[in-house]
Structure formats: structure tokens, C-alpha cells
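# Descriptive structure summary
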Amino acid sequence: MQLRVSMAVTACKAVRRLIRRLGGGATDFPGKVAQKLCPDILGHLAEDVTTIIVTGTNGKTTTSRMIEQILIDNGLSYFSNKSGANLMNGIVAEFCEHAHASGRKTCDYALIECDEAAFKTVSRYVDASYVLVTNVFRDQLDRYGEITHTLDNIRIGLKNSPHAVVCLNADCSLTASLREDIDNKIILYGVNEPIYKERVKEASDAPYCIKCKHEYTYEYITFGHLGKYYCEACGYARPDPDVAVSHVLTSDATHSEIDITVEDKTFRADIELPGGYNIYNGVSAVTMAYAMGLDPGHAVSSLSTFECGFGRMEKFQLGQAETRMILIKNPAGCNQVLNFLANIRERSVFVICLNDNYADGTDISWIWDVDFEMLRRIEDSLAKIYVSGVRADDMAVRLKYAGFPEEKMAVIKDYDALIDAFTSQQDPVFIMPTYTAMMDLRAIVSKKFGYKNFWE
């Protein structure tokens, strides 16, 4: 067995080096090679590593990058799959990359972003010490199926992780319900007041009680189905969080300033990313630090210095254009980006790139559940909307039905021409791509403007 482990680790590293010399990312295929040589390689490599798993629908990458900064600031030895390769092959490749040929660990901690559908498989091999679940939203129906299937996958993963301290989002009625199915130590986090003064119109992915199917009543909603919910019929309600955003002081185009309360102590946090959803990412990262026994005050300080994940509010200077790239993949996430734009009221250029490849989700009907109608309310501050991607024409039709004026909209399917068009703008540019569009655009940006590759 030791020979097979050594062969798998050596082959994985060699394949990754070769592919990267050829210009590829090598985030997935090397792991596939390793598993061919040793099918249970992940179990062997994860044996003596303290593993932190972050899973859920939205916020995994940014939350993981925040936790990473906390690990750095605490001087802990770790590795992470920061490229975002969060399926089994990508996770195996990262473990191989950070192991000696013998299979011995090179780091004490593994920080793993894990796809919510893959978690049930990964957890069969990795006995995680800590698991954080961000939320559960409807996403890629062609792959995940109904929202309850996603919840079931996470539940299986948690049951496969009996030794983990589990951090759950109290504001998500679906995620919070998981605490009743497991015997793990559980730490709850949440936001104790509304985030936005004005929210987009959005359909709830969980309007009915998970226990009795009666419609929830809300004291307030933060976004989507998140907030302070309760069921008047059976009494199921949002539990009080152990770690909470007690006050939202500022949330503007550049950052959010909040108070986070842990064990009756309140810390002022400055999150160097805009958007209300990043408030959740911030409090969840502090919750993980608390679960690990790290100083929560130091963890709060780390939120002001972390480097955001690629494509997650990532900022570039492209020609004349100050640009942010913000991944979208489902109605909830897309609506939150629109919330962000609606609340800054800054004159800007908007770019939407819609693909329907497997990694994006082949069903694009979700765009009709997004409140693009709100663009009419901020029409005066939108200089231009560019539409691109494999399904650009479908996106253009959606915007047309939303009432956005056609003269302010341009369809440009070629990415090089698209980049030339928006980089000539004087106004800030916000790019909303689906996953494969983001990867393609990110590669062009790296090559053309000298930014680091996405896996670096």
C-alpha cells in the first residue's frame, strides 16, 4: 500500500507540473491520475492532517479565503484548494501536492472548500475536525436537483464527520435544521438585524416550514430566505446564534463595517469587500476561528486584510476601467449582486456573461427568477450593459423583458472584443460571469494585463 501511495503522490505532482508548464491550471486532472493509481489515496493523506471543510451553496470561496487569512495571522501551517477546485479530483490533487512522496504531511492543517454535492463522498475519506455550512439555496437544478437533495447531501456528509465541530448558519432555516440530525458539537452564527435598506424582489427558496410546511413569518429578512423566521403553526424558529453580527454600521461600494458579538464580547469588524453577502462570509469565518479556539478579536482583525478569491469581487485595473469581477451562478447570488449595485448608486458599466456549460449548470431558466427589473430603477446610473457568453442572446431577451432600453445594451460574444469595449470606459465596470465564462475571462485578463493566474 505504501508503494501505491508514493506512486500516486509522485504521479500527481509530475502531471501538475507538466500541465502548468503547458499553460493549464492542472487543478483537477492530476487528482484523477492519483486515484487511478490508489483509489483511497485521499484517506491515507488526510489521516494525520487537521482538516477544515467549508461547504454550502453560496460563499464557500470567499469564506475560505477569510479563514485562510486567519490561519496565516495565527502562524498556522496549512494548505488550501484556493483555485476553487472543490470536487473530489481537485481536493485529492491538493492533498497530493502538499504531501511528501511517502505520504507524510507537509502542513498541520488542510483548509478545503468542498462542493456541497461532493461533500458526502469526500467525507468518506476525510475525518474532518471542523465543518462550516454557509447556506442552502437552489442551484444548478440539472446537477443538484431539488433544494432538499442538496440538504440531504450535506446531512450525509455531516453524519460521515462524527468528530467535527460543526458551524451552521442560524439564519438559513434549511441549514439550521441540520443540528437536529447530528450529535456533533454545534456552533451557530447569524445576523441579528436587516442588512439592506432596500432589497431587490426575490423569490424565497424555502418559504415553508421544514417541519410542518406552514408558511414562515419573518421578523426581518437579510436576503433570500435568510433572516429571523418562525413558524406560527409548530413553533420551529431561528435559533439564537452563538456568534452574531449585532450591528451593521456601514455597507457601501468598498467595504462593510459591522459589530460581531462572541461570548458577550463585541468586536468592530471592517470587511474589505462590498456586498451584504460578504457580511455573512465574515461572521462565518470568525465563527470557525472561535470553533478552533483561536482569539476571535484577532480573527476579526484578519477580515480587513484578507485577499479575496478569484472572481469573487476581485478587483482589477484594466486600461482605464476600474473593474470588479463577481461570479454568479443562481438567483440568490445574482440578486445579491444587484442589491449591491442598487445600493451604491454609482455611475457604472455592467457586463453579464452567461454560459450553459456543465460547470455552469445547463439549465439557464434561473435568470427569469432574478430581479433584473430593478435595473430600470437605477437606469440613470448605468452607462452601458454589455452581454456576452454562449447564451448571450437569451440574456439579452431577459433584459429586454425586464424593460431595460435596448439602446443602452450591446451583445458582444467574442471575449477579446468585449474586454476592448469595456476597458475603454471611464466609469467603473462590474462583470457578472457564470463559472466557465469567469474562467475564460480570467485567463485573458491574466495574459493581457499581467495579473496572476487563478490558481496562484
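All values derive from a computational prediction rather than experimental measurement.

On to the overall build of the protein. Counting secondary structure elements, the protein contains 15 helices and 17 strands. Relative to the globule expectation of 23 Å for 456 residues, the C-alpha radius of gyration of the protein, 22 Å, shows essentially globular dimensions. With the principal axes as the frame, the protein shows a C-alpha extent of 65 × 60 × 40 Å. For the protein, the proportion of its 456 residues judged to be buried stands at 61%. Within the protein, counting contacts between residues at least 6 apart in sequence, those at least 24 apart form 71% of the total.

Our next topic: the sheet that holds strand β11 (residues 265-271). The strands that make up a sheet pair up through hydrogen bonds in the backbone, lying either parallel or antiparallel. Pairing is mixed across the open sheet formed by nine strands, whose spatial order is β2-β3-β1-β4-β5-β6-β9-β10-β11. Strands at the two margins of the open sheet, each flanked by one partner only, are β2 (78-80) and β11. Taking the axes of each pair of neighbouring strands and ignoring which way they run, one obtains an average angle of 20° across the sheet. Pairing analysis gives seven bridges linking strand β9 (residues 243-251) to strand β10 (residues 256-262), with the strands arranged antiparallel. Residue V243 lies in a different strand from β10, and its bridge partner there is V262. This element, helix α10 (residues 277-291), spans β1 (50-55), β4 (130-133), β5 (165-169), β6 (186-191), β9, β10 and β11 of the sheet and lies at about 155° to β6.

Quick look at the environment of S83 now. Locating S83 in the fold gives a position in the loop between β2 and α5 (88-97). Using a relative accessible area of 4% as the deciding quantity, one classes S83 as buried. As for S83 and E113, which are separated by 30 residues in sequence, their C-alpha atoms are 9.6 Å apart. Side-chain polar atoms of S83 contact the backbone nitrogen of A85, separated by 3.3 Å.

Attention now moves to the packing of helix α14 (residues 415-423) against helix α15 (residues 435-449). Axis separation between α14 and α15 bottoms out at 11 Å; the angle between their running directions is 65°. It follows that α14 is roughly perpendicular to α15 by the angle criterion. The handedness of the crossing between α14 and α15 comes out as right-handed. Taking contact as the criterion, the partners of Y415, D416, L418, I419, D420 and T423 in α14 are, on α15, A437, D440, L441, I444, K448 and F449. Its residues assigned to classes, the contact of α14 with α15 comprises seven nonpolar, one polar and four charged.

Moving on to the side chain of H255. With respect to the element layout, H255 can be found in the loop between β9 and β10. Since its relative accessible area comes to 18%, H255 is described here as buried. Not counting chain neighbours up to four residues away, the residues in contact with H255 comprise T250, D270, I271, E272, L273 and P274.

We now examine the sheet that holds strand β17 (residues 429-433). Taking strand neighbours across the sheet as the criterion, the six strands line up as β12-β13-β17-β14-β15-β16 in an open arrangement whose pairing is mixed. A single partner strand is all that each edge strand has here, and the edge strands are β12 (312-318) and β16 (409-411). Going from strand to strand, the sheet's axes swing by 20° on average, the running direction of each strand aside. As judged from the three bridges shared by strand β15 (residues 382-388) and β16, these two strands associate in the parallel manner.

Another aspect to go through is a nonpolar patch on the surface. Taken together, the side chains of L3, M7 and L37 present a nonpolar region at the surface, about 280 Å² in accessible area. Tracing the chain through its elements places L3 in helix α1 (residues 2-21).

This part covers the environment of N160. Relative to the assigned elements, N160 resides in the loop between α8 (147-159) and β5. Distance from N160 to A170, taken between C-alpha atoms, is 22 Å for residues 10 residues apart in sequence. Contacts of N160, omitting those with residues within four sequence positions, involve K120, S123 and R124.

A separate point is unusual backbone geometry. Note: most peptide bonds trans; most residues except glycine with negative phi. For E263, which is not glycine, the phi dihedral falls at a positive 50°. Here E263 is to be found in the loop between β10 and β11. Unusually for a residue other than glycine, D264 sits at a positive phi of about 70°. One can find D264 in the loop between β10 and β11.

What follows deals with the nonpolar core. Ranked by internal contacts, the top residues of the largest apolar core, which has 126 residues, are I41, F95, I260, F350, F372, L375 and L399. Among the elements that line this core, the one with the most residues is α10, at nine residues. If near-sequence neighbours (up to four positions away) are discounted, F95 is found in contact with L42, L45, A46, T51, F79, A110 and I112. One finds L318, C353, A410 and L441 within the second-largest nonpolar core, a separate group that totals 24 residues.

The subject of this paragraph is the side chain of D205. Inspection of the secondary structure assignment puts D205 in the loop between β6 and β7 (217-223). What makes D205 buried here is its relative accessible area of 17%. At 2.9 Å, the side chain of D205 and the backbone nitrogen of R138 are in polar contact. Filtering out sequence-adjacent residues up to four positions away, D205 remains in contact with F137, R138, I147 and H225.

Right, let's get into the packing of aromatic side chains. For the coordinates displayed, the defined rule picks out nine aromatic pairs. Ring geometry for Y216 and Y218: centres 6.3 Å apart, planes at 70°, overall edge-to-face. Ring-pair connections join several aromatic residues into one group, and the members of that group are Y216, Y218, Y229 and Y236.

Parameters at a glance
Residues numbered from 1 in each chain as written. Predicted model: local features only at pLDDT ≥ 70, side-chain atom pairs only at ≥ 80, totals over all residues. Heavy atoms only, no water. Helix = DSSP H or I, 4+ residues; strand = E, 2+ residues; numbered from the N terminus. Rg over C-alpha atoms; globule rule 2.2 N^0.38 Å. Buried < 20%, exposed > 50% of the residue type's maximum accessible area, 1.4 Å probe, protein only. Contact = heavy atoms within 4.5 Å. Pairing = 2+ DSSP bridges. Axes fitted to C-alpha atoms, helices over the stretch in contact; angles between N-to-C directions. Polar contact = N/O pair within 3.5 Å; in protein donor to acceptor, adjacent residues only side chain to side chain. Parallel < 35°, antiparallel > 145°, perpendicular 65-115°, else oblique. Left-handed = near helix turned anticlockwise from the far one by under 90°. Nonpolar A, V, L, I, M, F, W, Y, C, P; charged D, E, K, R; others polar. Patch = residues over 30% accessible without salt bridge, like charges linked within 9 Å, V, L, I, M, F, W, Y side chains within 5 Å. Areas by Shrake-Rupley, 256 points an atom, 1.4 Å probe, with all protein chains shown as cover. Salt bridge = Lys/Arg side-chain N within 4 Å of Asp/Glu carboxyl O. Core = buried A, V, L, I, M, F, W, Y, C linked by side-chain atoms within 4.5 Å. Phe/Tyr/Trp six-rings, centres within 6.5 Å; stacked < 30°, edge-to-face > 60°.

Geometric descriptors of this kind do not, in isolation, establish any biological role.
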